[in-house]
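# Summary of structural features
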Amino acid sequence: MVHHCLAKFRFIACVCILSLAVAAPSNAQEKPKSAFPEDVQITYHFPVKMRDGVELATDIYLPDGSGGPFPTIFVRDIYTNGSAEIRQGYARHFTSNGYAFVFQICRGRYDSEGKWYPYFQEINDGDDAISWIAEQAWSDGKVGMFGSSYLASVQWLAALNDNPALVAIAPAVSPGNYYRDVAYPGGAFSLLSRASWGIGLTGSRTSMSYPISWENSVNHLPLKTLDRSLGFNIRHFQDWLDHPSYDSYWRPLNLETRANEMSVPALNIGGWYDAFLRSTIGSYVSMTKEARTEEARQNQRLVIGPWPHGWNRSSKTGDLDFGPDSLIDSEALHREWFDVWLKGKEPPEVAPVRLFVMGDNYWRDEYEWPLARTQYTPYYFHPDGALTAEAPAKPKASLSYTYDPENPVPTVGGNIMRTQVRGPRDQRPLDAREDILRFTTEPFEQKLEFTGPITANLHASSSATDTDFMVKLVVVRPDGMSFNLADGVIRARYREGFETPKLIEPGAILHYEIDVWATSYVVQKGERLRVDITSSNFPRLDRNPNTGAPFGETTEMIKAEQTIHLSKSHPSHIVLPLIPAD
């Protein structure tokens, strides 16, 4: 039985999970090399009826003339009508390997009926479509889903129904907590991403693109009229702005808290510089602990490469090239995964976690996340700009800066979708800014690895009633080039939780815990680590106007005097996940 032998995924010594593509220039599935089988049967835009009567256009590819039954690979999409070369490549690949392939256009897009509204509708529509596939004469009743970004979201959302026909999924660069990852990381609005995607994806029946300079357009205030300032009236965008706190609107989309409703094995694929890294890891962890069945808990896999949101397309991310081994043979990876679950093949003897360790630039197998051998090590900020493992001893010490939302710190790199600014980027263009505090270690005398979650603890005061604090972990090379590893933010009003905002008392010293997400990096001899602290990252995140006004409703902005406290009683620091040398 497949479900018995799959326990090997977790407990047997590692064998390489991936076939590393030494010279592949991009995701192999994006440049298909094979043709359809000669006798493949294709039906385009077959109307599949949902429970409310809405019909969704569905393409069906059967691998030969025998009529099956076949296991089925299922993709649901909002970005194309199925004719795009990359989608045709999916169909060619899987039909050539004995699978039926079904492509469905989501509700309200292209030739599918209904009204487009992101996320919520995919829960029942995905479930209905899976049930329909399982009932067809050409289907053997087993369905697997794969795809990235929104094509990954629809997998998790459909899995909430625990449909027995959905036997495995392979979500790549997928959100899992839509409040914290998609819309409000740290309580700050993900402005550039949500505007360019939420407003830009306006053509209900197409993906028409209007000539909008998003970097300039998002300067508009108040935020709640941003879509209308561009000539649109977008219901879902307005709904996002109407719910700046974690509430009943977002709870159905927090899949990390709903793991106990799902029993599907998942191949989770993410990138260290992906916008949804936190959720890729969160989905893996929550499913290993809380999935409905033991089989599902034991059969989650996690792969994280040095990629941005466009995963596995190039060895270069931002300003860094991680070498040819950073790319994977994604076709082989998916085929291996689905052959086990949909065809009953013997599973490979692999560890459940595979990480690309940046700096030394190699893949490594692990058995859990976070790594059991992690030594969580605090590095403290000192008033002379030092970053050390030695706690501060002075009874009073602090550093201050002025945050002016009229002149925010520009976005340079990070876990963002925008190709022009994402990934590891040289931070030297920000060197002249005086609204960034910088704390730097001495050059490391030997290699040192940090792999795992990162948390910053700031003791800070502000002249404002609400503001933001941001932390960025940076590597400084001997030649002066500095690049970002990870960053995080907290909106002050959400320091005690994202459900109930609480304004701050000006001048009060408060503790802020900031989730700086995660990384895996080996600091090289002669390199230094630096932590940058500031209060803006624009336009990746919206500017906090410092007024305490209701979110998105004001045009007024004021300066805030920010103080980071660095004393014995208020030891601001960052906690790094040190991995001891073997």
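In this report, we go over the structure that sits alongside the text. Just so it is clear, the structure is predicted and the values come from calculations on it, not from any experiment.

### Comments concerning the overall build of the chain
In terms of helices and strands, the chain carries 13 helices and 23 strands. On C-alpha atoms alone, the chain measures out to a radius of gyration of 24 Å, which is about the 25 Å that the 2.2 N^0.38 rule sets for 582 residues. Its C-alpha atoms give the chain principal-axis dimensions of about 80 × 55 × 40 Å. Per-residue burial over the chain gives 63% buried out of 582 residues. Taking contacts inside the chain between residues at least 6 apart in sequence as the whole, the part at least 24 apart equals 77%. Here the chain displays about 21,100 Å² of accessible surface, and carbon together with sulfur accounts for 50% of that area. The averaged location of the 70 negative side-chain charges in the chain is 2 Å from the averaged location of its 56 positive side-chain charges.

### Focus: unusual backbone geometry
Omega for the bond connecting L221 with P222 falls within 30 degrees of zero, at -5°, which places this linkage in the cis form. Among the secondary structure elements, P222 is positioned in the loop between α8 (214–217) and α9 (226–229). A cis amide bond links W369 with the next residue in sequence, P370, at an omega value of -10°. Checked against the element boundaries, P370 lands in the loop between β12 (362–366) and β13 (375–381). Despite not being glycine, D162 has its phi angle at roughly 55°, a positive value. Residue placement: D162 occurs in the loop between α5 (150–159) and β6 (166–172). A positive phi angle is found at N546, which is not glycine, with a value near 70°. Residue position: N546 is located in the loop between β21 (528–534) and β22 (560–565).

### Quick notes on the pairing of β12
Among the five residues that make up β12, four are buried, leaving the element largely enclosed by the rest of the structure. Relative to β12, strand β11 (residues 353–357) runs antiparallel, the two sharing five bridges. Residue pairing in the sheet places L355 in a bridge with R364 of β12. Where β11 hands over to β12, the hairpin turn is made up of four residues, of which G359 adopts a positive phi near 90°.

### Considerations on empty space enclosed by the protein
Across all of its chains, the model carries two cavities of 30 Å³ or more by this definition. In terms of lining, the largest cavity is formed by 13 residues, of which the most central are D181, S190, A275, N415 and R540. Residues belonging to the lining of the largest cavity are distributed by class as follows: eight nonpolar, three polar and two charged. As a volume, the second largest cavity reaches approximately 30 Å³. As for the second largest cavity, its lining consists of W156, P171, A172, V173, S174, N268, I269, S279, T280 and S283. For the lining of the second largest cavity, the element with the highest residue contribution is helix α11 (residues 277–290), accounting for three residues.

### Side note on helix α13 (residues 330–343)
For α13, spanning 14 residues, the distance from its first C-alpha to its last is 19 Å, which sits close to the expected 20 Å at 1.5 Å a residue. Counting buried positions along α13 yields 11 of 14 residues, so the element is predominantly enclosed. Buried residues of α13: S330, E331, A332, L333, H334, W337, F338, D339, V340, W341 and L342, and no others. Backbone geometry just downstream of α13 places G344 in the positive-phi region, at approximately 75°.

### Some details on the packing of aromatic side chains
Considering all chains together, one arrives at 41 aromatic pairs under this definition. A ring pair is formed by F356 and W363, whose centres lie 5.4 Å apart and whose planes are at 75°; its orientation type is edge-to-face. For R92, the ring lying beneath its charged end belongs to F36, and the centroid distance is 5.7 Å. It is K343 that lies over the ring of Y99; its NZ or CZ is 4.4 Å from the centre.

### Focus on the layout of surface pockets
Here the second largest pocket is characterised by a volume of approximately 800 Å³. Around the second largest pocket, the lining comprises 42 residues; the ones closest to its centre are R180, R278, I514, D515 and W517. Mapped onto the lining of the second largest pocket, the elements with two or more residues apiece are α6 (178–183), α11, β17 (448–462), β18 (468–476), β19 (482–491), β20 (510–523) and β21. Here the residues of the lining of the second largest pocket sort into 22 nonpolar, eight polar and 12 charged.

### Examining the sheet that holds strand β16 (residues 437–440)
If you trace the four strands from one edge of the open sheet to the other, you get β16-β21-β18-β19, paired in antiparallel fashion. Edge strands, defined here as strands with exactly one partner in the open sheet, are β16 and β19. Averaged over all adjacent pairs, the angle separating strand axes in this sheet is 20°, with direction ignored. When β18 meets β21, the two strands line up antiparallel, connected through seven bridges. For V471, the partnering residue across the bridge sits in β21 and is I533.

### What to know about the pattern of salt bridges
Considering all chains together, one arrives at 38 salt bridges under this definition. Notably, a salt bridge pairs E366 with R364, separated by 2.7 Å at the nearest N-O pair. Across the pair, exposure class does not vary: E366 and R364 are buried alike. R364 is the partner of E449 in a salt bridge, and the nearest nitrogen-oxygen pair spans 2.6 Å. With E449 in strand β17 and R364 in strand β12, the pair connects residues that are 85 residues apart, well separated along the chain. Under the relative-accessibility criterion, R364 is labelled buried at 15%. Within the structure, one salt-bridge network assembled from shared partners comprises K224, R235, D239, D242 and E553.

Thresholds applied
Residues numbered from 1 in each chain as written. Predicted model: local features only at pLDDT ≥ 70, side-chain atom pairs only at ≥ 80, totals over all residues. Heavy atoms only, no water. Helix = DSSP H or I, 4+ residues; strand = E, 2+ residues; numbered from the N terminus. Rg over C-alpha atoms; globule rule 2.2 N^0.38 Å. Buried < 20%, exposed > 50% of the residue type's maximum accessible area, 1.4 Å probe, protein only. Contact = heavy atoms within 4.5 Å. Areas by Shrake-Rupley, 256 points an atom, 1.4 Å probe, with all protein chains shown as cover. Lys, Arg positive; Asp, Glu negative; His and termini not counted. Charge placed at Lys NZ, Arg CZ, Asp CG, Glu CD. Pairing = 2+ DSSP bridges. 1 Å grid on protein atoms, 1.4 Å probe; cavity = no way out; pocket = protein on both sides within 12 Å on 5 of 7 lines; lining within 4 Å. Points joined across faces, edges and corners; volume = space filled by probe spheres on them. Nonpolar A, V, L, I, M, F, W, Y, C, P; charged D, E, K, R; others polar. Expected span 1.5 Å × (residues − 1). Phe/Tyr/Trp six-rings, centres within 6.5 Å; stacked < 30°, edge-to-face > 60°. Lys NZ or Arg CZ within 6 Å of the ring centre and 35° of its normal. Axes fitted to C-alpha atoms, helices over the stretch in contact; angles between N-to-C directions. Salt bridge = Lys/Arg side-chain N within 4 Å of Asp/Glu carboxyl O.

By themselves, these observations are geometric and do not establish any function.
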